[in-house]
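Take a look at the letters that make up each chain.
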Amino acid sequence: MPLRARQRRHPFLAGLAGLAGLAALALSVGLAGPAAAAPAADTWNEVGSDRADPLTESQGLASVEVPAGSPNRYTGIGTIPLSLSTRGWNHVGDPDASYDGHYIEPYQRDDGGAKMYRVQSPDGKWSEYVHTLGPGEALNNSWSAVSPDGRWMLSGEWGTMNRLLVFPTPGVNPSTSPSANLPLVSTVRLDRPVRDVQGCDFLDATTLLCSSDDPEGTLFGMTKPLLRIDLSAAPNGAADVTGRVTALRQLPLRSACSGGFETEGIDYDRRTGTLRVIVVSPGFCVLTDSKTYRFTRG
């Protein structure tokens, strides 16, 4: 299990990050065999797309239900507050929101032994919850996914992994406090490895949809797959659960440029039944035709 933070930065985004940082400073002063067949009733069809801004919409996204009428939220290198980046929190992953309106962004840094979750409550106030890494836990903090009951948050690590992490949801679960370590309480034990998962979201209490940036295609017979993980039970923080992994389809890889695409965050909006996934284009086209793709179940 890798312990070194993987900097999930597109080459062009790295340059843009430097420019954005200067501007902000000036303003401030193993193979698993053939993939299981996708269930016929779980086909996700592409229905449209929107341009993804490389600075502010290149890492993740979340639909927020409370307060009513809240816009969709996005993360990117341009959304990291200067107050966080100057303290070393230089990467933000794919966020999520509880159904009661708590919005959660996952952060990582290049050094140290902790990861951080930044939480905005429905009244607009921000707080930070830090998790001290345990033995063998990777530094990466790629995504967060809040369970439908709001009490538990799943999170993931970069690389080839056979587990997902389970935490009490910061700011929602009454056991959490910004002044205390956010504990790892259990895991989701996967029946087959997954690689480079960039985001997951709950479809229902025991089903996750996840975006994988797998560049190799050896685990499921395709690169950049949309994954479904069926849990043996809803996470409860008291015991591990198992997860059955299925590859549903390859995510769209279309651009005027050739080269390596990067699959990013994912969001499922239960109000409309719309699934959205960010795919960042290769090379110069990161600026022009990176997309947030929309899917519906059919």
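Refer to the structure presented above.
Notes on the structure in this doc start here. Values in this document were obtained by computation on a predicted structure and should not be read as measured data.

**As for the pattern of salt bridges**
Next up, step 1: Applying the stated criterion across every chain yields a total of 18 salt bridges.
Next up, step 2: A salt bridge links R87 to E128, with the nearest nitrogen and oxygen atoms 2.8 Å apart. One end of the pair, R87, is in the loop between α2 (82-85) and β4 (91-92); the other, E128, is in strand β8 (residues 126-132), with 41 residues separating them in the sequence.
Next up, step 3: On the basis of relative accessibility, which here comes to 39%, the residue R87 falls in the partly exposed class.
Next up, step 4: D230 serves as the salt-bridge partner of R228, at 2.9 Å between the closest nitrogen and oxygen.
Next up, step 5: Look at R228 and you get buried, because its relative accessible area is 13%.
Next up, step 6: Ionic contacts of the salt-bridge type, sharing partners, join the residues D42, R228, D230 and R297 into one network.

**Notes on the state of the cysteines**
Next up, step 1: Inspection of the entire model under this criterion finds two disulfides.
Next up, step 2: In this model, C200 is linked to C210 through a disulfide, with the two sulfur atoms separated by 2.0 Å. The S-S bond linking C200 to C210 shows a torsion near 110 degrees; that makes this disulfide right-handed. Of this pair, C200 sits in strand β13 (residues 197-204) while C210 sits in strand β14 (residues 207-212), placing them 10 residues apart in sequence.
Next up, step 3: The residue that forms a disulfide with C257 is C285, at a sulfur-sulfur distance of 2.0 Å. A torsion of 70 degrees about the S-S bond marks the disulfide between C257 and C285 as right-handed. With a gap of 28 residues between them, C257 in the loop between β16 (241-250) and β17 (262-269) and C285 in the loop between β18 (274-280) and β19 (291-297) connect regions that are remote in the sequence.
Next up, step 4: For C257, a relative accessible area of 22% corresponds to the partly exposed category.
Next up, step 5: Taking only the cysteines that form disulfides and numbering them from first to last, the chain has the pattern 1-2, 3-4.

**Let's talk about the sheet that holds strand β12 (residues 186-195)**
Next up, step 1: Taken together, eight strands build an open sheet; the order of strands is β9-β10-β11-β12-β16-β15-β14-β13 and the sheet is mixed. The open sheet has two edge strands, β9 (144-146) and β13, and neither has a second partner. For this sheet, the mean angle separating the axes of adjacent strands, direction not counted, is 25 degrees.
Next up, step 2: Of the strand pairs in this sheet, β14 and strand β15 (residues 225-231) are connected by five bridges, and their pairing is antiparallel. Each residue of the ladder has a partner; that of C210, found in β15, is L227.

**Considerations on the sheet that holds β18**
Next up, step 1: If you trace the four strands from one edge of the open sheet to the other, you get β1-β19-β18-β17, paired in antiparallel fashion. Whereas interior strands pair on both sides, the edge strands pair on one side only; in this sheet they are β1 (44-51) and β17. Across the sheet, the mean angle separating the axes of adjacent strands is 25 degrees when strand polarity is ignored.
Next up, step 2: The sheet contact formed by β1 and β19 spans seven bridges and is antiparallel. Note that in β19 the partner of R51 across the bridge is K291.

Conventions adopted
Residues numbered from 1 in each chain as written. Predicted model: local features only at pLDDT ≥ 70, side-chain atom pairs only at ≥ 80, totals over all residues. Heavy atoms only, no water. Salt bridge = Lys/Arg side-chain N within 4 Å of Asp/Glu carboxyl O. Helix = DSSP H or I, 4+ residues; strand = E, 2+ residues; numbered from the N terminus. Buried < 20%, exposed > 50% of the residue type's maximum accessible area, 1.4 Å probe, protein only. Disulfide = S-S within 2.5 Å. Pairing = 2+ DSSP bridges. Axes fitted to C-alpha atoms, helices over the stretch in contact; angles between N-to-C directions.

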